[in-house]
Amino acid sequence: MPPKRGRPIAVKLLVLLLVPLLSLAGLWAFAAGLTGGDGLRLLAISELATNVALPSERAAAELQKERLASIEFMVGDLPLSKVTEQRTRTDQAVATFRSSARPMRDLSPEMATQLNVVFGKLDQLSETRRGVDARTRAPLDVINGYSTTVDAFFRMYDAMILVPDTGLYRQARASTMLGEATEMLSRERALIAVVLSAGRVGARERAAFTGMVATRRLLLNQALPQLDNKLQGPYERLVASPVNKEFLTAENAIRDQSTASGLPAAAATWPVDAQNMWTVVEREQVRLTQDITGRSKPAAIGLLVKVGVAGGLGLIAVVASVLLSLRFRRRLVEELAGLRDAATELAEVRLPALVARLRTNTSKPTPEETAPLKVVTHSSEVDDIVKAFNRVQSTAVEAAVDQARLRHGVNQVFVNLARRNQSLLHRQLLQLDSMERAAEEPGMLADLFKLDHLTTRMRRHAESLIILSDQSPGRAWRNPVPIHDVLRAAVAEIEEYERVEVLSTPPVALVGSAVTDVAHLLAELIENATLFSPPQTRVDVRTSTSPHGLLVEIEDRGLGLPRAELDELNDRLDRTPEFDLAQSERLGLFVVSRLAARHGIKATLVASPYGGLTAVVALPSSLLADQPVLAGR
């Protein structure tokens with residue numbers, strides 16, 4: 001099972017970068033949304049001021065006038081026609097307010113509640129008017145009836161001025177307080193009319209008037225410090241004006257007047273003082289309201305512009321952070337990919353090519369073969385890894401060269417020892433041949449034949465060492481040799497030659513240069529067949545011609561091999577691998593592979609119908625002679 005691959009480093013870097021980038025983007029979105037929401041609320045408040053505040057201010061002002069007119073009608077100083085005209089103006093202002101306020105959507109819960117309260121109080125206005133017309137209600141109750149309706153407007157203003165801008169909130173709050181102070185002044189005017197018509201200040205009227213005066217002065221004192229210099233100036237001048245001082249004198253006189261005594265002579269100027277004060281205050285209140293209302297929209301636009309600039313810069317910073325992070329990620333991934341490709345080329349191409357060359361040529365590696373890795377890097381850590389790989393390459397090249405030289409030296413030792421043994425064995429064979437000719441006793445002759453056969457096998461093993469060292473054994477034939485003689489020579493070089501049966505052969509011959517190697521190759525395969533099959537079985541050797549040459553089949557009756565092992569052996573015969581000392585038990589197959597590669601021979605192991613194996617050796621036509629001739633050295 002192949003090892004499980006982890007996630008690519010590009011994905012890991014992306015995940016690593018996503019955490020801070022998403023956090024930064026989230027913070028930017030939160031800040032932009034929070035500040036932008038404040039700007040949008042200011043725009044919404046500006047819309048409320050236009051569609052709700054200003055129309056309601058006009059409706060409240062008309063209600064204040066209607067309250068005064070109703071009181072003057074009830075005390076007999078004003079005809080009903082004048083009251084009716086004022087009611088008409090009040091109804092028009094109220095209708096305008098309703099038409100502009102009802103379509104408003106997305107109001108806050110507090111604002112919607114207060115707006116509904118205002119509508120409910122306006123609906124009760126007709127009941128107050130009926131009490132005025134029938135004179136069934138006391139003047140002070142009429143004043144309170146109108147006052148509750150106007151108070152509903154101010155509670156609505158309280159819910160409206162919850163703006164996010166602190167400075168604007170203070171100005172709007174002060175404006176509302178001054179509006180309530182103006183409302184107290186309007187109530188005082190109506191109550192002055194009641195007092196003058198009665199000719200004295202009753203206990204109830206005195207208590208109500210005292211509360212109105214205290215409330216008006218408190219609201220005025222609390223509101224003025226919250227106004228900026230521009231808005232505060234007119235009110236400071238009003239406070240210091242003779243009009244205000246005269247009205248304060250009138251307020252003090254009414255508040256301090258005894259309920260048992262009549263009004264003083266100065267009471268005749270109280271309505272005039274109140275009217276003069278009302279005229280100035282009403283003018284300043286209208287101007288203040290318009291000024292505050294006009295400030296909300298520019299403040300909202302300014303805040304949105306700041307949000308746009310800050311948000312734009314923040315967005316640019318976020319995008320720049322994303323792009324820079326992705327750029328650094330891509331650069332690092334490219335560096336690592338370049339390092340991977342260079343290391344892969346080193347491990348799979350350059351070093352294997354160098355090792356393959358060193359098998360046959362142990363000369364010093366060329367500069368091209370030992371060229372260092374070339375990777376474009378911008379990171380010191382990756383550069384250090386490249387240098388480390390270059391040092392690994394140098395060490396690996398040195399080890400490969402040393403290993404090749406060691407292997408070459410071992411091969412030379414094998415060759416020298418094998419050559420010496422080969423020479424001695426050749427002399428031994430000549431001596432045995434002479435002794436066989438001179439021997440007359442049958443028992444002695446049989447022993448000499450056994451010793452001759454043993455020496456022949458020893459010569460083959462010595463030649464195997466020479467072949468494994470990529471050298472030629474040295475024995476050669478000048479003329480072609482019949483294939484039958486080649487097979488007999490191969491059989492003569494194994495121990496259990498009696499078990500081998502060479503079947504009839506076609507009349508073909510091998511070229512002399514290939515006779516020794518082919519006989520050695522066939523001897524190795526025939527010996528394997530005898531070694532890996534039961535002793536009582538035989539090994540058949542058959543030959544047949546083919547369009548491409550000659551086929552030699554060596555069939556045993558052993559147990560055979562599993563398919564996986566059989567494929568591995570065939571792969572070794574086909575690829576001619578380097579001789580591995582750790583697999584010396586497969587020595588014969590290494591020899592067969594080397595000899596087959598030397599002459600273009602194809603050797604294959606296949607399953608036999610008898611349960612064992614069949615070694616198929618395909619000799620190419622280039623190794624076959626045109627005409628078979630007598631063998632000769």
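Above this text sits the structure in question.
Residues numbered from 1 in each chain as written. Predicted model: local features only at pLDDT ≥ 70, side-chain atom pairs only at ≥ 80, totals over all residues. Heavy atoms only, no water.

> Would you take a moment to explain the packing of aromatic side chains for this structure?
Within a pair of aromatic rings, the relevant descriptors are the distance that separates the centres and the angle that separates the planes. This structure, assessed with the given rule, holds 2 aromatic pairs. Measuring from centroid to centroid gives 5.7 Å for Phe 97 and Phe 119, while their planes differ by 55°, and the two rings are tilted. With Phe 97 in helix H2 (residues 80-101) and Phe 119 in helix H3 (residues 109-123), this pair connects stretches of sequence that are 22 residues apart. An aromatic cluster is defined as three or more aromatic residues linked by ring pairs; in this entry it consists of Phe 97, Phe 119 and Phe 153. Geometry around Phe 119 places Arg 102 over its ring, the cationic atom sitting 4.4 Å from the centre. When the ring centre of Phe 73 is taken as origin, the NZ or CZ atom of Arg 135, which lies over that ring, is 4.1 Å away. (Phe/Tyr/Trp six-rings, centres within 6.5 Å; stacked < 30°, edge-to-face > 60°. Helix = DSSP H or I, 4+ residues; strand = E, 2+ residues; numbered from the N terminus. Lys NZ or Arg CZ within 6 Å of the ring centre and 35° of its normal.)

> Please explain the sheet that holds strand E5 (residues 549-555) as it appears in this structure.
Sheet strands pair by backbone hydrogen bonding; their relative direction is either parallel or antiparallel. Spatially, the 5 strands line up as an open sheet ordered E2-E4-E5-E7-E6, and their pairing is mixed. Each edge of the sheet is formed by a strand with only one pairing partner; in this case those strands are strand E2 (500-502) and strand E6 (602-607). Across the sheet, the mean angle from the axis of one strand to that of its neighbour is 20°, orientation sign disregarded. By the bridge criterion, 3 bridges tie E2 to strand E4 (residues 539-546) in an arrangement that is parallel. Within E4, the position partnered with Glu 501 by the bridge is Asp 540. Across the face of the sheet, helix H13 (residues 483-492) comes into contact with E2, E4, E5 and strand E7 (613-620) while running at roughly 175° to E2. (Pairing = 2+ DSSP bridges. Axes fitted to C-alpha atoms, helices over the stretch in contact; angles between N-to-C directions. Contact = heavy atoms within 4.5 Å.)

> When you look at the pairing of E6 in this model, what are you seeing that I'm missing?
Two strands pair when backbone bridges link them, and E6 and E7 are joined in this way by 6 bridges, in the antiparallel orientation. Within the sheet, the bridge partner assigned to Thr 604 lies in E7 and is Val 616. Hairpin geometry of E6 and E7 is characterised by an intervening segment of 5 residues between the two adjacent antiparallel strands and by a positive phi of about 100° at Gly 611.

> For this particular structure, what's the right way to read the packing of helix H7 (residues 203-223) against helix H9 (residues 242-256)?
Describing two packed helices takes the angle between their axes plus the distance from one axis to the other. Two elements in contact, H7 and H9, have axes separated by 9 Å at closest approach and are oriented at 145°. For the element pair H7 and H9, the recorded crossing hand is left-handed. Residues Arg 206, Phe 209, Thr 210, Val 213, Arg 216 and Arg 217 of H7 lie in contact with H9, whose contacting residues are Phe 247, Leu 248, Glu 251, Asn 252, Ile 254 and Arg 255. Residue composition of the contact of H7 with H9, grouped by class: 5 nonpolar, 2 polar and 5 charged. (Left-handed = near helix turned anticlockwise from the far one by under 90°. Nonpolar A, V, L, I, M, F, W, Y, C, P; charged D, E, K, R; others polar.)

> Mind showing me how you'd approach the side chain of Gln 86 here?
Tracing the backbone shows Gln 86 in helix H2. With residues up to four places along the chain from it excluded, the contact list for Gln 86 reads Glu 62, Lys 65 and Glu 66.

> Help me out: how do you make sense of the nonpolar core in this one?
Here is a general trend for soluble globular proteins: nonpolar side chains tend to be buried in one another's company. By size, the foremost hydrophobic cluster in this structure holds 69 residues, and its most contacted members are Val 52, Phe 97, Phe 153, Met 156, Leu 178 and Leu 227. In terms of residue count, the dominant contributor to this core is helix H5 (residues 139-160) (12 residues). Setting aside residues up to four positions removed in sequence, Leu 227 forms contacts with Gln 171, Ala 174, Leu 178, Gln 232, Tyr 235 and Leu 288. With 42 residues, the next largest nonpolar core counts Leu 522, Ala 523, Leu 550 and Ala 603 among its residues. (Core = buried A, V, L, I, M, F, W, Y, C linked by side-chain atoms within 4.5 Å. Buried < 20%, exposed > 50% of the residue type's maximum accessible area, 1.4 Å probe, protein only.)

> Where do I start with the packing of helix H15 (residues 563-575) against helix H16 (residues 587-599) in this structure?
Here H15 crosses H16 at 40°, and the two axes come no closer than 7 Å. As summarised for this structure, H15 and H16 are arranged oblique, according to the angle between their axes. Note on element contacts: H16 touches H15 through Leu 589, Phe 590, Val 592 and Ser 593, opposite Leu 569, Arg 572 and Leu 573. In terms of residue class, the contact of H15 with H16 is built from 5 nonpolar, 1 polar and 1 charged. (Parallel < 35°, antiparallel > 145°, perpendicular 65-115°, else oblique.)

> Just checking my understanding: could you explain H2 for this structure?
Because an α-helix completes one turn every 3.6 residues, residues spaced three or four positions apart along the sequence face the same direction. Taking 1.5 Å as the rise per residue, H2 with 22 residues should run 32 Å; its terminal C-alpha atoms sit 31 Å apart, in good agreement. Of the residues making up H2, those classed as buried are Val 83, Gln 86, Arg 87, Thr 90, Ala 93, Val 94, Phe 97, Arg 98, Ser 100 and Ala 101. The buried residues of H2 occupy one face: seen down the axis, they fall within an arc of 170°. The exposed residues of H2 that point more than 90 degrees off its buried face are Gln 92 and Ser 99. (Expected span 1.5 Å × (residues − 1). Arc of directions from axis to C-beta.)

Interpretation in functional terms is not warranted from these geometric data alone.
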